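# Per-entry structural report
What follows is each chain in one-letter form.
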Amino acid sequence: MSLVALATASPRLSRSTAGSRRALRVVEREGRAYRYSWPIFVTGIVEPIFFLLSIGIGVGELVGDLPGPGGVPISYRQFVAPAMLANAAMNGAMFDATFNFFVKFKYLRIFDAMLATPLSVRDVIRGELMWSLGRGAFYATTFLGAMAAFGLVESWWGLLAVPVALLVGFAFAGAGLGATTYMRSFIDFDLVTLALVPLFLFSGTFFPLDRYPATLEAIVRVTPLYQGVVLSRAVVLGDIHPGLIWHALYLAVMGWVGMRIASRRLGRLLQP
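Note that this is a predicted model, so its numbers are computed, not measured. (Residues numbered from 1 in each chain as written. Predicted model: local features only at pLDDT ≥ 70, side-chain atom pairs only at ≥ 80, totals over all residues. Heavy atoms only, no water.)

### Things to note about the overall build of the protein
Summing up its helical and strand segments, the protein has 10 helices and 2 strands in all. Along the chain direction, N to C, the helices and strands of the protein fall in the order α-α-β-β-α-α-α-α-α-α-α-α. For a compact globule of 272 residues, the expected C-alpha radius of gyration is about 19 Å, and the protein comes in at 20 Å, within 12% of that figure. Considering only C-alpha atoms, the protein reaches an extent of 60 × 55 × 40 Å along its principal axes. Going through the 272 residues of the protein one by one, you find that 47% of them count as buried. Put simply, 78% of the contacts in the protein that link residues at least 6 apart link residues at least 24 apart. For the protein, the accessible surface area stands at approximately 14,100 Å², while carbon and sulfur atoms represent 68% of it. Side-chain charges of the protein comprise 23 positive and 15 negative groups, with the mean position of each set lying 14 Å from the other. (Helix = DSSP H or I, 4+ residues; strand = E, 2+ residues; numbered from the N terminus. Rg over C-alpha atoms; globule rule 2.2 N^0.38 Å. Buried < 20%, exposed > 50% of the residue type's maximum accessible area, 1.4 Å probe, protein only. Contact = heavy atoms within 4.5 Å. Areas by Shrake-Rupley, 256 points an atom, 1.4 Å probe, with all protein chains shown as cover. Lys, Arg positive; Asp, Glu negative; His and termini not counted. Charge placed at Lys NZ, Arg CZ, Asp CG, Glu CD.)

Listed below in structure tokens is the structure:
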């Protein structure tokens, strides 16, 4: 029976491997397209660092210490920095999964050309998602290095901030791709901004959640960026506990659902 099971699973495994390789061709295409536009990556690197310097360190001198894990006081910069890392992952992933994806889909018609090759719609979506979350992870990892330089990563658990950034990027890249397939013009991107700005401001980024009104606190607890902020802050501060699994599952499901929606919608739009 084991040989039969292996023979049955082998074609599926080979198809999965081939699909992954085809998706990497999409990533390769994106890398080649950005060869001469690499300066645009600089903004995603320096922006969270500027926020850390101005708010985390500058305003932090006025705020003072905040209660950390186990009630142990932490500085305001230690509180803000992990949240900025999660925000960097979100912004990096969302830019490519929304604006750039829309331009390639609606105006450049790049996906039509891709589908004229052995690539499938699923390969295209996987490749776009991999590129988007990779960009978000690159921003977050660079920012983590800046945090370490400022002495804000005191635990080896902080290395887990990199996979956390990948998870945050996956969640928002999937959601961004799915949402962009419904957009009809650049005006619709105002809705993206309308969603991202409140997430940035009210996801426990700058204030502890218990400082919010009860109603707002309840809403924030179910928002996506808050899950990433909780995970990032926990690993950077070394506050690891089983409850973090639920936050990780939230982000994983969000990214998977967004990716499935994007695959189905793009297939209907390009292959009616």
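### Some words on the pattern of salt bridges
For the structure on display, the rule yields 9 salt bridges. With its nearest N and O atoms 3.9 Å apart, the salt bridge here joins Glu-28 to Arg-25. Here the residue Glu-28 and the residue Arg-25 both occupy positions in helix α1 (residues 2-33), the gap between them amounting to 3 residues, near one helical turn. In this structure, Asp-210 and Arg-211 form a salt bridge, with 3.9 Å as the shortest nitrogen-oxygen distance. Residue class for Asp-210 comes out exposed when judged on its relative accessible area of 59%. (Salt bridge = Lys/Arg side-chain N within 4 Å of Asp/Glu carboxyl O.)

### Structural notes on the packing of aromatic side chains
Considering all chains together, one arrives at 13 aromatic pairs under this definition. Aromatic pair Phe-101 and Phe-105: ring centres 6.4 Å apart, planes at 25 degrees, arrangement stacked. On the criterion of helical spacing, the pair formed by Phe-101 and Phe-105 is a turn pair, its members being 4 residues apart in helix α3 (residues 76-106). By the burial criterion, Phe-101 is buried, and Phe-105 matches it. Centroid distance Phe-102 to Phe-189: 5.3 Å. Interplanar angle 80 degrees. Geometry classified as edge-to-face. Placement of the pair is Phe-102 in helix α3 and Phe-189 in helix α7 (residues 189-201), with a sequence separation of 87 residues. When sorted by exposure, Phe-102 lands in the same class as Phe-189, which is buried. (Phe/Tyr/Trp six-rings, centres within 6.5 Å; stacked < 30°, edge-to-face > 60°.)

### Concerning unusual backbone geometry
One non-glycine residue, Arg-109, adopts positive backbone phi at about 55 degrees. Position of Arg-109 among the secondary structure elements: in the loop between α3 and α4 (110-115). For Arg-109, a relative accessible area of 47% translates into the label partly exposed.

### Structural notes on a nonpolar patch on the surface
On the surface, a nonpolar cluster with roughly 580 Å² of combined accessible area is contributed by Trp-38, Val-42, Val-46, Phe-50, Leu-53 and Phe-150. Tracing the sequence through the fold places Val-42 in helix α2 (residues 40-63). Under the relative-accessibility criterion, Val-42 is labelled partly exposed at 38%. (Patch = residues over 30% accessible without salt bridge, like charges linked within 9 Å, V, L, I, M, F, W, Y side chains within 5 Å.)

### Overview of the side chain of Glu-30
Within the fold, Glu-30 resides in helix α1. By relative accessible area, Glu-30 is classed as buried at 2%. Among the polar contacts listed, one links the side chain of Glu-30 to the side chain of Arg-29, at a separation of 3.3 Å. If we skip the residues at most four places from it in the chain, Glu-30 touches Lys-104, Glu-128 and Trp-131. (Polar contact = N/O pair within 3.5 Å; in protein donor to acceptor, adjacent residues only side chain to side chain.)

### Comments concerning the nonpolar core
Within the largest apolar cluster, 53 residues are counted, with the highest numbers of intra-cluster contacts made by Leu-85, Met-90, Phe-143, Met-147, Val-168, Phe-172 and Leu-225. Every element with two or more residues in this core is listed here: α2, α3, α5 (121-149), α6 (161-180), α7, α9 (224-237) and α10 (244-270). Looking at which element gives the most residues to this core, the answer is α3, with 13 residues. Ignoring anything within four residues of it in the chain, the contact list for Met-90 reads Val-168, Phe-172, Leu-196, Leu-199 and Leu-225. Listed in part, the 22 residues of the second largest apolar core include Phe-105, Leu-133, Met-259 and Leu-266. (Core = buried A, V, L, I, M, F, W, Y, C linked by side-chain atoms within 4.5 Å.)

### Remarks on the confidence of the model for the protein
For the protein, per-residue confidence averages 85 on the pLDDT scale, and residues scoring 70 or more make up 91% of the total. In this model residues 1-9 is a low-confidence stretch, pLDDT under 50, and it forms 0 contacts with partners more than four residues away in sequence or in other chains. (pLDDT = per-residue confidence, 0-100.)

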